[in-house]
Amino acid sequence: SPRSIPNSPPQSPLYRRQGTKQAKIFEDINENCQLINTPALFLQSKKCYDLIPNSGKLIVFDKNLLVRKAFTALIAHGTRAAPIWDSSCQAYTGMLTITDFINILHQCHQREGKHVNIANIIENKTIEEWKIISEKANVNKGLISIDPMETLFTAAKILLEKKIHRLPVIDPRSGNTLYILTHKRILNHIYPYLIESKLDSFFYIPIQNLGVGTYEDVKQLKYDSKLLQAMEFFAKTKISAIPIVDDDLKVVDIYARFDVITLASRGKYSDMDMTIRECLQLRSSQKVEVLTCRATDSLIAVIKAIYSAQVHRLVVVDDTKHVVGLVSLSDLFRFLVFRSHYTKTPEESIIDEESHFQQFEFG
């Protein structure tokens, strides 16, 4: 569970190395009302090292592992990405994510308008062979990582500016991957600070008034929509979840990138004519409710809802439960941390590349 923010710097080797500079930052946070309301300064006072748990599980794939086995392992271990190890150079060379699986499906059906044998890639290609294909198609960004002694501010900035959702923390001396940073893990760390701080008035302003979230051209599908259409949305618009609406255009479900990975475990990846209803029936948990909010909800209310439910996005609905927008962890970080450093562009992804872990009924 999240720890309370200490009144003084923890006496660990990490903080002792920082000396009086680190202590001064904490003094400013504790004593200065203006600074205590600035999440960016809090993130600047913390290191990536601070988020690394005492123990944990990290899945690593060898580059020679078959793609099918790799995605099956992701599902079995309940994770959404894994670093790729190249034994020939004794180094990590990239990440395998759910996006890779989506790109395989999309390229096989759409690249140059020619049908490619999906089963051949999934069943017979290694991770290295797939990465070579994806590099030629300019969909592989290579490995982006961060030093454990860098600040969380720097980590959050990399996540947003590089438009990635998982950032490996790699020890520069040993070359070992220590942890995978995500927007959610950073939020879990910063949340107690926000709750215990004297909040600025903007935290109580409606999210739409602040420009937090996306309210234009929000993609939607129905239960009878085809899987291929969802793949087009995921691949071309870079979104990672699509609200599912009924005939009255009221939101009834959501189809996320993580749901796509179930196609690999069930061997259904060759049938792009499947309906969204059929795809959702492949979920291990059949009953999934959608977590929603209103455009008039305050910023702090949305932050609390996302943190409490441990989800990555909310569907913004009106009083009739029609979809009016989406608000994600990326949207929150963009506003909270980088509103004076970072400007969102219309082409940017509107939601995080993660799935909903638990959902709730409309309230």
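Please read all numbers here as calculations on a predicted model, not as lab measurements.

Here is what the cut-offs are and how they apply
Residues numbered from 1 in each chain as written. Predicted model: local features only at pLDDT ≥ 70, side-chain atom pairs only at ≥ 80, totals over all residues. Heavy atoms only, no water. Pairing = 2+ DSSP bridges. Helix = DSSP H or I, 4+ residues; strand = E, 2+ residues; numbered from the N terminus. Contact = heavy atoms within 4.5 Å. Axes fitted to C-alpha atoms, helices over the stretch in contact; angles between N-to-C directions. Salt bridge = Lys/Arg side-chain N within 4 Å of Asp/Glu carboxyl O. Buried < 20%, exposed > 50% of the residue type's maximum accessible area, 1.4 Å probe, protein only.

A. Summary view of the sheet that holds strand 7 (residues 241-245). On the basis of which strands lie adjacent, the open sheet formed by three strands has the order 6-7-8 and mixed pairing. The sheet is open, and its two edges are formed by strand 6 (221-222) and strand 8 (251-256), each paired on a single side. The strands touched by helix 11 (residues 227-237) are strand 6, strand 7 and strand 8; relative to strand 8, the strand with the most contacts, the crossing angle is about 65°.

B. Summary view of the pattern of salt bridges. By the definition in use, this model includes 10 salt bridges. One salt bridge in this structure joins Lys63 and Asp86, with 3.1 Å as the shortest N-O distance. On the criterion of sequence distance, the pair formed by Lys63 in the loop between strand 1 (61-62) and helix 4 (67-76) and Asp86 in strand 2 (residues 81-86) is long-range, its members being 23 residues apart. Of the two residues, Lys63 and Asp86, neither departs from the other in class, the shared state being buried. Across the salt bridge formed by Asp331 and Arg334, the nearest N and O atoms sit 3.1 Å from each other. You can see Asp331 and its partner Arg334 sitting in helix 16 (residues 329-336), three residues apart, about one turn around the helix. Taking the relative accessible area as the measure of exposure, Arg334 reaches 7% and is therefore buried. The network of salt bridges with common partners includes Lys63, Asp86 and Glu128.

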